[in-house]
Amino acid sequence: MVGIGRRPFIAGLAAAAAWPLAARAQGRKPVIGFLHSGSPEQNTKRLDAFRKGLHEAGFVEGQNVAIEYRWAVGQNDKLPALAADLVRRQVAAIVATGGLSASLAAKAATATIPIVFANGADPVKLGLVASFNRPGGNITGISFLTADLGAKRLGVIHELAPTVAIGAILINPTNPVAESVARDAREAARSLGLQFHVLNASTDQDIDSAFAGLIQQRIGLLLVMADPLFLGGRLQLVALAARHAIPAIYFAREFVAAGGLMSYGTNIGAAYRQAGQYTGKILKGAKPADLPVEQPTKFELVINLKTAKTLGLEVPHSLLTRADEVIE
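Residues numbered from 1 in each chain as written. Predicted model: local features only at pLDDT ≥ 70, side-chain atom pairs only at ≥ 80, totals over all residues. Heavy atoms only, no water.

1. Focus on the sheet that holds strand E7 (residues 195-200)
Rules: Strands are labelled as partners when DSSP assigns at least two bridges between them. Secondary structure is summarised from DSSP: a helix means a run of H or I of at least four residues, a strand means a run of E of at least two, and numbering begins at the N terminus for each. Every axis corresponds to a line fitted to the C-alpha atoms, with the helix fit spanning only the stretch in contact, and the corresponding angles, defined between N-to-C directions, vary from 0 to 180 degrees. Whether two residues are in contact is decided by their heavy atoms: any pair within 4.5 Å suffices.
If you walk across this open sheet you meet the seven strands as E7-E6-E8-E9-E10-E11-E12, and the pairing is mixed. With one partner strand each, in any of the chains shown, E7 and strand E12 (325-327) form the two edges of the open sheet. Adjacent strand axes in the sheet meet at a mean angle of 20 degrees when their direction is disregarded. Bridging between strand E6 (residues 166-171) and strand E8 (residues 221-224) involves four bridges; their strand directions are parallel. Note on E8: the bridge partner recorded for isoleucine 169 is leucine 223. Against the sheet, helix H5 (residues 150-160) engages E7, E8, strand E9 (248-250), strand E10 (262-265) and strand E11 (300-304), with an angle of about 150 degrees to E8. Strands in contact with helix H9 (residues 234-243) are E6, E8 and E9; relative to E9, the strand with the most contacts, it is inclined by about 160 degrees.

The structure is reproduced here in structure tokens:
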């Protein structure tokens, strides 16, 4: 980590914290920088949830707050430049969402402008914050921990397809947590007695190639890593899984609503709403260091019975009773 002089750092934090109060005193409309690794078309509902949380904190876009949007559209290498542009524009706060890469880019771009993140990684383990209760510095946010649920997802889909001998996980190798996610999945597969493969995809074309390899290796079930690329390509993923009759478990309900078999994870829309609320608090003068990182208290299991029937799978009663939502 690059060292920062104590006095300039503290002075910068003070200036950043004072900006919202000074702006209101002078009648200026604060500007939020919204940095996302995905695309606006694939995140309309989550963006609505963010705006709802912001509204609950007293801010309405176009009325008393403006938002500058920066979308990487699945190209993580663009995030540092997008984050730097928001810093040059001297926004009042940066909201970094759509994956860990956006959060890391925002943190690298500024040590003074307040940052609110919303992603599925462990922010302490990856150095975003000092701790959940006392994040420190200029960054806090919402961690929905989807990256750490691979072992649980594998157990759930294995319960649905217990006779499968070979499984796989689809990862985006450009995601900073891809290696650890794949390692955890391998360990979980070993405990279940499964042969296990790791498939890589960092573009839409790679997803097609990964499924071709999946068929060649006679893989019988698939986990899909939590990643903005895969969320944006959910229709493609669901269609490929259906075409090749592969039972797959995803990280978000949107996949199951689109015809996917099942998902297990947190309510990401609720996390975006919380991010909006936190951003509003910061605009009113709260310091990120004093706002604990929020974590999910509930995980959702969603099952598509129609898809299960099409795949010739009978959903065990034990899974049905645990499901938070069953799509028929």
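This is not the end of the story, as more comes after the structure.
2. Topic: unusual backbone geometry
Look at valine 73: it is not a glycine, yet its phi comes out positive at around 50 degrees. For valine 73, the location among the structural elements is in the loop between strand E2 (66-71) and helix H3 (79-88). One non-glycine residue, alanine 245, lies in positive phi territory at about 55 degrees. Mapped onto the elements of the fold, alanine 245 is located in the loop between H9 and E9.

3. Section: empty space enclosed by the protein
Rules: Put simply, the grid is 1 Å and covers the protein atoms alone, a cavity is a trapped set of points that fit a 1.4 Å probe, a pocket is an open set with protein on both sides within 12 Å along at least five of seven lines, and lining residues have an atom within 4 Å of a point. Grid points are joined across faces, edges and corners, and a volume is the space filled by probe spheres set on the points. Three classes are used, and their members are as follows: Ala, Val, Leu, Ile, Met, Phe, Trp, Tyr, Cys and Pro are nonpolar, Asp, Glu, Lys and Arg are charged, and the others, Gly among them, are polar.
Tallied over the entire structure, the rule returns four cavities of 30 Å³ or more. Reported here for the largest cavity is a volume of approximately 220 Å³. Lining the largest cavity are 22 residues, with Gly98, Gly99, Gly120, Phe144 and Pro228 sitting closest to its centre. Looking at the lining of the largest cavity, the elements that each hand over two or more residues are strand E4 (115-119), helix H8 (228-232) and helix H11 (268-283). Residue composition of the lining of the largest cavity, by class: twelve nonpolar, eight polar and two charged.

4. Some words on the pattern of salt bridges
Operational definition: Here, a salt bridge means any side-chain nitrogen of Lys or Arg that lies within 4 Å of a carboxyl oxygen of Asp or Glu. Each residue's exposure class comes from its accessible area (1.4 Å probe, protein chains only) as a fraction of the maximum for that residue type: buried when under 20%, exposed when over 50%, partly exposed otherwise.
Tallying each qualifying case throughout the model produces eleven salt bridges. Residue arginine 88 is joined to aspartate 85 by a salt bridge in which the shortest nitrogen-to-oxygen separation is 3.6 Å. Of this pair, arginine 88 and aspartate 85 both sit in helix H3, separated by three residues, roughly a single helical turn. Residue classification places aspartate 85 among the buried positions, given a relative accessible area of 18%. Residues glutamate 159 and arginine 322 are paired through a salt bridge, measuring 3.0 Å at the closest nitrogen-oxygen approach. Of the two residues, glutamate 159 sits in helix H5 while arginine 322 sits in helix H13 (residues 317-322), which places them 163 residues apart along the sequence.

5. Looking at the side chain of asparagine 172
The test is simple: Contacts described as polar in this section are N or O atom pairs within 3.5 Å, which, within protein, must combine one atom able to donate a hydrogen with one able to accept it, while residues neighboring in sequence count only if both atoms come from side chains.
Locating asparagine 172 in the fold gives a position in the loop between E6 and helix H6 (178-192). On the basis of relative accessibility, which here comes to 1%, the residue asparagine 172 falls in the buried class. Here the side chain of asparagine 172 touches aspartate 227 through a polar contact of 3.1 Å, side chain to side chain. For asparagine 172, the contacting residues outside a window of four places in its chain are Ala178, Ala201, Ser202, Met225, Asp227, Leu229 and Phe230.

6. Here's the deal with the packing of helix H2 (residues 44-56) against H11
Each pair of packed helices can be described by the angle between their axes along with the distance between the axes. Rules: With the far helix as reference, a near helix turned anticlockwise by less than a right angle produces a left-handed crossing, and one turned clockwise produces a right-handed crossing.
Running from amino to carboxyl end, H2 crosses H11 at an angle of 35 degrees, the nearest separation of the two axes being 6 Å. Of the two possible hands of crossing, H2 and H11 adopt the one that is right-handed. Between H2 and H11, the contacting residues are Arg46, Ala49, Phe50, Lys52, Gly53, Leu54 and Glu56 on the first element and Ile268, Gly269, Tyr272, Arg273, Ala275, Gly276, Gln277, Thr279 and Gly280 on the second. Per-class residue counts for the contact of H2 with H11 are six nonpolar, six polar and four charged.

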